[in-house]
Amino acid sequence: MSGEAVRIVRLAVLGSISILPLLILPTMVGALVDYAGFSEPNAGWAAAVGAAGSAFTAIAVALRIRHLDPQRLAVIGLIMLATFDGASALVTDLPGWLFLVLRTLSGVGSAAAYAAVMASFAAMPNSERGYGVFVVFQFALSAIGLYLLPMALPTIGAGGMYLGLAAAAVIGLSQVRPVIRRSAQVAETAVELRMLLKPAAVLVMLGIGLFETANNMHFTYAERIGVSFSIPGFRIGEILGIATVLGIPAGLAVVWLGDRYGELRPILIALAIAIVGLILLNNFSGTAVYTIAMCALSVAWAFGLPFFQAFEARLDPGGSVVVAGGFFTSAGAALGPALAAMLVGPGAYSGVLIASIAIYLAVAALMIAAGRLATGNQGAPFD
């Protein structure tokens, strides 16, 4: 394996550690309900505030990304993750408001580390392949967490889960210096802002934000939906683990495809697969339907996300757009659980599923418009 390939793999590991709470989101929500006494809506809000902290940090970093030392940014972010995830282990003893503050500050640290990784990928040639490898590792770690964590929770509880997240951040610190390179590129903030205000960039950032909103809406209650289908808890963990593992070949498909079909067509395919999965969940029940739907949703997420990020990187290889896209993805990760918490009822998830379908359709419209603006050729994909 070449030195650059090794760097891509290690960057992917570091980036996955920085967003680990998102990767185990449904099990984390279930842990707060089952082991910390949270209601389902409150557990969703706890997930939302961390993503909100990430969102506002991401937009601030995007406006300064060419001025910042990415190594220092990653180190600060990981230290914050280790500190505030570790403090969150006291969840059962903390006032509710203080726990939410800790989750918000953890989100700030997550965004800082994630931005350093995303800017490093954006500067590489063939960024689709880098983002594809990144997605492979995200889904691999997610699969491991979703499979093993439900088995460990009866022993470690919600507090032990947060201590594990803190330990992962400490491990991530060892990867910063080898893989994140100091940047000599400095530009005026006006240059970064001008890149972010391009119409195509605005549409793509809105598109990826809404994509993550829909993804996180149904993902937040994925475990609870399985419970509503009367599937045993251990079986739900197995299904979610298998579905997440299927995201790995989906990400590898991105590495193989590269940019040969542009970005728009793969994104539309991913959206169609996700919509089919949600229609199955909303209209049928049972273990087989749940398994097929979860697998479809996982594949759609893993296959689509790198092409959104590659679209952003193609618009601005300097990294402003892809890092600002982190604001929209984090905003989506916050808005998704929040909307889901408002739409969910006791054992009733139809509102969540239908709203997710509507959002995916809106994303398709935004990305088609962005593709036309980016190429100047009506109807052509961005290639």
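Going by the structure above, here's the rest.
Fair warning: this is a prediction, and the values are worked out from it, not measured in the lab.

Thresholds applied
- Residues numbered from 1 in each chain as written.
- Predicted model: local features only at pLDDT ≥ 70, side-chain atom pairs only at ≥ 80, totals over all residues.
- Heavy atoms only, no water.
- Core = buried A, V, L, I, M, F, W, Y, C linked by side-chain atoms within 4.5 Å.
- Buried < 20%, exposed > 50% of the residue type's maximum accessible area, 1.4 Å probe, protein only.
- Contact = heavy atoms within 4.5 Å.
- 1 Å grid on protein atoms, 1.4 Å probe; cavity = no way out; pocket = protein on both sides within 12 Å on 5 of 7 lines; lining within 4 Å.
- Points joined across faces, edges and corners; volume = space filled by probe spheres on them.
- Helix = DSSP H or I, 4+ residues; strand = E, 2+ residues; numbered from the N terminus.
- Nonpolar A, V, L, I, M, F, W, Y, C, P; charged D, E, K, R; others polar.
- Expected span 1.5 Å × (residues − 1).
- Salt bridge = Lys/Arg side-chain N within 4 Å of Asp/Glu carboxyl O.

**Digging into the nonpolar core**
Among the nonpolar cores identified, the biggest contains 126 residues, and Leu-32, Leu-281, Tyr-290 and Met-294 are the most heavily contacted of them. With residues near it in sequence (within four places) discarded, Met-294 still touches Ala-222, Ile-239, Leu-240, Ala-243 and Leu-281.

**A few points about empty space enclosed by the protein**
For the coordinates displayed, the defined rule picks out three cavities of 30 Å³ or more. Within this model, the largest cavity holds a volume of roughly 740 Å³. In terms of lining, the largest cavity is formed by 50 residues, of which the most central are Ile-19, Pro-21, Leu-22, Leu-23 and Ala-333. The element best represented in the lining of the largest cavity is helix H6 (residues 96-122), accounting for eight residues. Within the lining of the largest cavity, the residues separate by chemical class into 33 nonpolar, 15 polar and two charged.

**Side note on helix H1 (residues 3-18)**
Given a rise of 1.5 Å per residue, 16 residues ought to cover 22 Å, and the 23 Å separating the end C-alpha atoms of H1 matches this to within 8%. Of the positions making up H1, those classed as buried are Arg-7, Ile-8, Leu-11, Ala-12, Leu-14, Gly-15, Ser-16, Ile-17 and Ser-18.

**Examining the pattern of salt bridges**
Taken as a whole, this structure holds six salt bridges when the rule is applied. The residue Glu-263 makes a salt bridge to Arg-314 at a minimum N-O spacing of 2.8 Å. One end of the pair, Glu-263, is in the loop between helix H12 (233-257) and helix H13 (264-283); the other, Arg-314, is in helix H14 (residues 287-315), with 51 residues separating them in the sequence. Exposure remark for Arg-314: the relative accessible area of 30% places this residue in the partly exposed category. Residues participating in the shared-partner salt-bridge network are Asp-34, Glu-40, Glu-223 and Arg-224.

By themselves, these are just geometric observations and shouldn't be taken as functional.
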